[in-house]
Amino acid sequence: MDEVTGAAAVGSSYPQKNAEILSSQYGINLFLAGLLLTFAWAVHAVGISKSHLLSYLITLMLIQLLWMLWYLCRSCTQRRLIQDKDTHAGARWLKCGITLFAVITLVLDSFKIGYYIDFSNCLSPTEGIFPVTHAVHTILQVYFLWCHAKDVIQSFKTLERFGVIHSVFTNLLLWTNGVLTESKHQLNEHKERLITLGFGNITIVLDDHAPQCNCTTTTLCSIFSQGIYYLYPFNIEYHILASTMLYVLWKNIGRKVEHHQQDKTPFKFHGITVGMIFGLIVLTSTIAIVVVYLIQIGGSKIKSELALTMFYLHAIFVLALMCTAGIVALLIYRLEDRSLDNSKNPARKLDAELLVGTAAGSWLLSWGSILAIICAQAHPKYTWYNLPYSVLVIIEKYIQNLFIIESIHREQEKVNDDIKTLRIVTISRGSTLSLTPLYKEIYNGRAARDPGEVPCLLKGSICGRESDGAGVAKEEMSQDNSSVVHSASDFSFYSRNSVTNNKRRILKNIAAFLFLCNLSLWIPPAFGCRPEYDNGLEEIVFGFEPWIIVVNLAMPFSIFYRMHSAASLFEVNCKT
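By the naming in an unreviewed UniProt entry, the chain goes by OTOP1 protein and is assigned to Atrichornis clamosus. In its Sequence similarities (unreviewed entry) section, the UniProt record describing the chain reads: "Belongs to the otopetrin family."

So, about the nonpolar core. Counting 124 residues, the largest nonpolar core has Phe144, Phe311, Met322, Tyr389, Phe403, Leu514 and Trp522 as its most contacted members. Considering every element that reaches this core, the biggest residue donor is helix H6 (residues 218–251), with 16 residues. Each of domain 1 (14–201 + 208–257) and domain 2 (267–412 + 499–575) contributes no fewer than three residues to this core. Here phenylalanine 311 is in contact with Ile289, Tyr293, Tyr389, Pro524, Cys529 and Pro531, once residues within four sequence places are set aside.

This part is about helix H9 (residues 346–375). Given a rise of 1.5 Å per residue, 30 residues ought to cover 44 Å, and the 44 Å separating the end C-alpha atoms of H9 matches this to within 8%. Taking the largest bend as the criterion, H9 deviates by roughly 25 degrees, centred on glycine 361.

On to the state of the cysteines. Scanning all chains against the criterion turns up zero disulfides. Between cysteine 147, a cysteine without a disulfide, and cysteine 76, which holds the nearest cysteine sulfur, the sulfur-to-sulfur distance is 8.6 Å. For cysteine 147, a relative accessible area of 34% gives the class partly exposed.

For the rest of this paragraph, the subject is the pattern of salt bridges. Counted by the stated rule, this structure contains five salt bridges. The partner of arginine 334 in a salt bridge is glutamate 406, with the nearest N and O atoms 2.5 Å apart. Placement of the pair is arginine 334 in helix H8 (residues 301–335) and glutamate 406 in helix H10 (residues 386–409), with a sequence separation of 72 residues.

This next bit is on the packing of helix H3 (residues 92–118) against H6. Closest axis-to-axis distance for the H3/H6 pair is 7 Å, and the angle between their directions is 145 degrees. Helix-helix and strand crossings are classified by hand; for H3 and H6 the assignment is left-handed. Looking at side-chain class alone, the contact of H3 with H6 contains 21 nonpolar, five polar and four charged residues.

Here the focus is the environment of glutamate 396. Note on placement: glutamate 396 falls in helix H10. Between the C-alpha atoms of glutamate 396 and alanine 320, which are 76 residues apart in sequence, the distance is 7.8 Å. Once residues within four sequence positions are removed from consideration, glutamate 396 is found in contact with Leu319, Met322, Cys323 and Arg562.

This brings us to the environment of valine 290. Inspection of the secondary structure assignment puts valine 290 in helix H7 (residues 273–296). Classification of valine 290 by relative accessible area gives buried; the value is 7%.

Let us now look at the confidence of the model for the chain. In this model, the chain carries a mean pLDDT of 77, and residues with pLDDT of at least 70 account for 73%. Ranking the elements of the chain by mean pLDDT puts strand E1 (residues 427–428) last with 38 and helix H4 (residues 126–148) first with 93.

What follows is about the side chain of threonine 176. One can find threonine 176 in helix H5 (residues 157–196). Under the relative-accessibility criterion, threonine 176 is labelled buried at 13%.

Applying the stated criterion to the full structure yields 22 aromatic pairs. Judged by centre distance (5.9 Å) and plane angle (45 degrees), the ring pair of phenylalanine 31 and phenylalanine 169 falls under tilted. Of this pair, phenylalanine 31 sits in helix H1 (residues 2–42) while phenylalanine 169 sits in helix H5, placing them 138 residues apart in sequence. On the numbers, 5.7 Å between centres and 55 degrees between planes, the contact of phenylalanine 515 with phenylalanine 570 is tilted. Taken together, the residues span a long stretch of sequence, with phenylalanine 515 in helix H13 (residues 479–526) and phenylalanine 570 in helix H16 (residues 544–575) at a distance of 55 residues. With relative accessibility at 18%, the residue phenylalanine 570 sits in the buried group. Through pairs of rings, three or more aromatic residues link up here, namely Phe101, Phe234, Trp522 and Phe527.

Calculation rules
Residues numbered from 1 in each chain as written. Predicted model: local features only at pLDDT ≥ 70, side-chain atom pairs only at ≥ 80, totals over all residues. Heavy atoms only, no water. UniProt positions renumbered as here; feature names shortened; annotations may be inferred. Core = buried A, V, L, I, M, F, W, Y, C linked by side-chain atoms within 4.5 Å. Buried < 20%, exposed > 50% of the residue type's maximum accessible area, 1.4 Å probe, protein only. Helix = DSSP H or I, 4+ residues; strand = E, 2+ residues; numbered from the N terminus. Domains from an automatic or database assignment. Contact = heavy atoms within 4.5 Å. Expected span 1.5 Å × (residues − 1). Bend = angle between axes of the 7 residues up to and from the residue. Disulfide = S-S within 2.5 Å. Salt bridge = Lys/Arg side-chain N within 4 Å of Asp/Glu carboxyl O. Axes fitted to C-alpha atoms, helices over the stretch in contact; angles between N-to-C directions. Left-handed = near helix turned anticlockwise from the far one by under 90°. Nonpolar A, V, L, I, M, F, W, Y, C, P; charged D, E, K, R; others polar. pLDDT = per-residue confidence, 0-100. Phe/Tyr/Trp six-rings, centres within 6.5 Å; stacked < 30°, edge-to-face > 60°.

If you want it as structure tokens, here you go:
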């Protein structure tokens, strides 16, 4: 009978496995078609215009909107049913983060609508339809993720797999479109800066997709066109976060979840003052460096070299501090004896894979810079600072990845119920009695040995109501001696507890410091401070176009790594 049941279970898993494979292949083909369309528009392929790309993206968003509406309506009709939830997925702080990015994305869409209105005479209608559709898509998707990111879907599984994977790759294509548009804008500015650094031998051809007509209101057009590119980094982060949350939802379809409640781990500022202070100093100084860099770079050769030197020295100092903090945290982990949680967890597995995968973007750029410095014939002074900077980028990501991955896999400390103090207030001869078993007895397993036995009280305990007068007198005589033993036991326990609390406090400060440092290092590349573009040495060694292709491919992953690391470190701080 058991064999028949097992065979039936195995047989029923095949259709779901096939549905998973089919849906993933559908999503990949959807993404590749959009990727080629995006590439064709970027290189000005014959017969491919921006309206074709936007029409494809609008169609994908409308299909996702229909699916989300269907899922929400079906969920409302089944809200009385008990549904499985993945407590590890869709953390509240992650939802708050994606909401913040979504709000800024809505501002970006409003700027695009205003830009279209000002240039409506020469722009395709799709450029006006796209931001409107995108705004509706953003609002509904954020609501969907807030309400259903933790769902473990157990009905209509085949249909839901296709709907969720469609949503995943739709967001990835919107992310790709945002990355490409923002990169083209950065590339145009970079080409203009190269002249000031003395690289006149590089052919400067601007890739201009500007409208071929005059703006109706010049001031507004300037605000919209410039503001759009400052808002793109938030739009890019929004779509990549949405795609990761939806991917976890897709992996959870049909999954058997262990029914246990995860302990809530709220964020607390208590105990992380040192880490927050140093982190805020780094964040403030980074913002100042970025502002000065963007003002100075491209002004003249001397100003550009000073801006690059200033950036490298600041980054070297910050990365050295981050490496030191990560090493200290890992040493504390080596001193602790705590097991790792190896249970199946799609969200945690995805976090670890994204950390290593996106770090490869920074490693690629760093190794390219190191090779360029070694192979170049001429070395301007500022380029030598690029060598320790590139080496530290590689080492810092090694250490930080190890710290984060080990942190999210460590089992949380559970408070032993036997150690919890139980106080029963009774009124006896006008005194308050505390029924607390000895810590020494608890650790030796001798507290409350029998079901009916009441543990002795610490300092003035009563071992039974039926004790005679002599017994009470004897107990009072031994009170002083027992209090000495109890005090020694208490001191040993509190000593161990104090050491543990000190370690936790150090780890929380390190996590808070690294969290703010990663936010700081996200700001420069996200807002146009990219020495990989402006250094110039790599472009001489590898060639202008090959190096620009490498930077444009690797930079989005490097930017996402910092934001994802910050999110992971926030979780580490909450769990520590």
